[in-house]
Amino acid sequence: SQQGEEDPQALSIQEGENATMNCSYKTSINNLQWYRQNSGRGLVHLILIRSNEREKHSGRLRVTLDTSKKSSSLLITASRAADTASYFCATPHHGGGGADGLTFGKGTHLIIQP
Amino acid sequence: DVKVTQSSRYLVKRTGEKVFLECVQDMDHENMFWYRQDPGLGLRLIYFSYDVKMKEKGDIPEGYSVSREKKERFSLILESASTNQTSMYLCASSLRPGQGSPGYTFGSGTRLTVV
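Reading the values: rules and limits
Residues numbered from 1 in each chain as written. Chains lettered and ligands numbered in written order. Predicted model: local features only at pLDDT ≥ 70, side-chain atom pairs only at ≥ 80, totals over all residues. Heavy atoms only, no water. Phe/Tyr/Trp six-rings, centres within 6.5 Å; stacked < 30°, edge-to-face > 60°. Helix = DSSP H or I, 4+ residues; strand = E, 2+ residues; numbered from the N terminus. Buried < 20%, exposed > 50% of the residue type's maximum accessible area, 1.4 Å probe, protein only. Contact = heavy atoms within 4.5 Å. Buried area = accessible area lost by both parts, 1.4 Å probe. Salt bridge = Lys/Arg side-chain N within 4 Å of Asp/Glu carboxyl O. Pairing = 2+ DSSP bridges. Axes fitted to C-alpha atoms, helices over the stretch in contact; angles between N-to-C directions. 1 Å grid on protein atoms, 1.4 Å probe; cavity = no way out; pocket = protein on both sides within 12 Å on 5 of 7 lines; lining within 4 Å. Points joined across faces, edges and corners; volume = space filled by probe spheres on them. Nonpolar A, V, L, I, M, F, W, Y, C, P; charged D, E, K, R; others polar.

Points about the packing of aromatic side chains
To describe a pair of aromatic rings, you give the distance between the ring centres and the angle between the ring planes.
Thought 1: Counted by the stated rule, this structure contains nine aromatic pairs over all chains.
Thought 2: Considering the side-chain rings of Tyr35(A) and Phe106(B), the 5.8 Å spacing of their centres and the 85° angle between planes classify their relative orientation as edge-to-face. With one member in each of two chains, Tyr35(A) in strand β4 (residues 31–37) and Phe106(B) in strand β11 (residues 105–106) form a pair that bridges those chains.
Thought 3: A residue is classified by how much of its surface remains accessible, and Tyr35(A), at 0% relative accessible area, is buried.
Thought 4: Phe106(B) gets classed as buried once you look at its relative accessible area, which sits at 8%.
Thought 5: Feature note: the residues Tyr35(A), Phe104(A), Phe33(B), Tyr35(B), Phe48(B), Tyr104(B) and Phe106(B) constitute an aromatic cluster, connected by ring pairs.

Right, here's the structure in full:
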């Protein structure tokens, strides 16, 4: 059951620019999470936004959530070469808290050009 | 530094072998998960466990089984490995809902090749 889908599939920008990735999902959720995966490694949890929140910040990351449109966006400001990675949104299976699994999108592959 | 440790980074096994993938977490998390990741298909949930000796099927459990005899350890078993089980396997753990952030902590992954 693929719930979250990221857009675009791939994004290449210059170092210092901002990167925006979008995620759409299908059913009601109580939270949405974003993860980063460096090539060939495990995923790292970046940020979680709850359904009653519209925007959340963590360092250079800004996440928005629009439950009426069932969409979220991840903005990385002042990008660095180290931000090169794949980024995934994830929503709880069956809209719950996530104890029965998260459904991941296929990811946005971000390349930061030096 | 809290972590999820997967016993092997790379593994090569023969068709028909019984394969054990081990995962250990040191965060006292109740929930543990096994995913596989394939190009074009993303991450797919194989099995999960919300307590010792408890296990639940995920989206693609066929050909796999799991064992959780201790809270910190969650093993994935390929009963008879096949070439279509060649994949990256990712273990994760999380707190029970209401105990804190439900974000998952992932291991570094095991890249399994079945020949």
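Some words on the interface of chain B and chain A
Thought 1: Taken together, the contacts link 23 residues of chain B with 23 residues of chain A.
Thought 2: A combined buried area of about 1,700 Å² lies between chain B and chain A, and 54% of that area is made up of carbon and sulfur atoms.
Thought 3: Summed over the three residues of chain B that lose the most area to chain A, namely Leu43(B), Pro102(B) and Tyr104(B), the buried surface amounts to 28% of that side.
Thought 4: The interface formed by chain B and chain A includes zero salt bridges.

Some points on the sheet that holds strand β6 (residues 55–58) of chain A
All names here are of chain A.
Thought 1: Pairing in this open sheet of five strands is antiparallel, and the strands run β1-β3-β8-β7-β6 from one edge to the other. Only two strands of the sheet have a single neighbouring strand rather than two, namely β1 (5–7) and β6. Sheet twist, expressed as the average angle between the axes of neighbouring strands with direction ignored, equals 20°.
Thought 2: Judged from the six bridges that link them, strand β7 (residues 61–66) and strand β8 (residues 71–76) form a sheet pairing that is antiparallel. The residue bridging Leu-65 from the neighbouring strand is Ser-72, located in β8.

Regarding the layout of surface pockets
Thought 1: Looking at the largest pocket, its volume works out to about 440 Å³.
Thought 2: Elements with a contribution of two residues or more to the lining of the largest pocket: β9 (85–92) and β11 (108–113) of chain A together with β5 (31–38) and β10 (87–94) of chain B.
Thought 3: Broken down by element, the residue count for the lining of the largest pocket peaks at three residues, all from β9(A).
Thought 4: When grouped by side-chain class, the residues that make up the lining of the largest pocket number five nonpolar, 14 polar and three charged.

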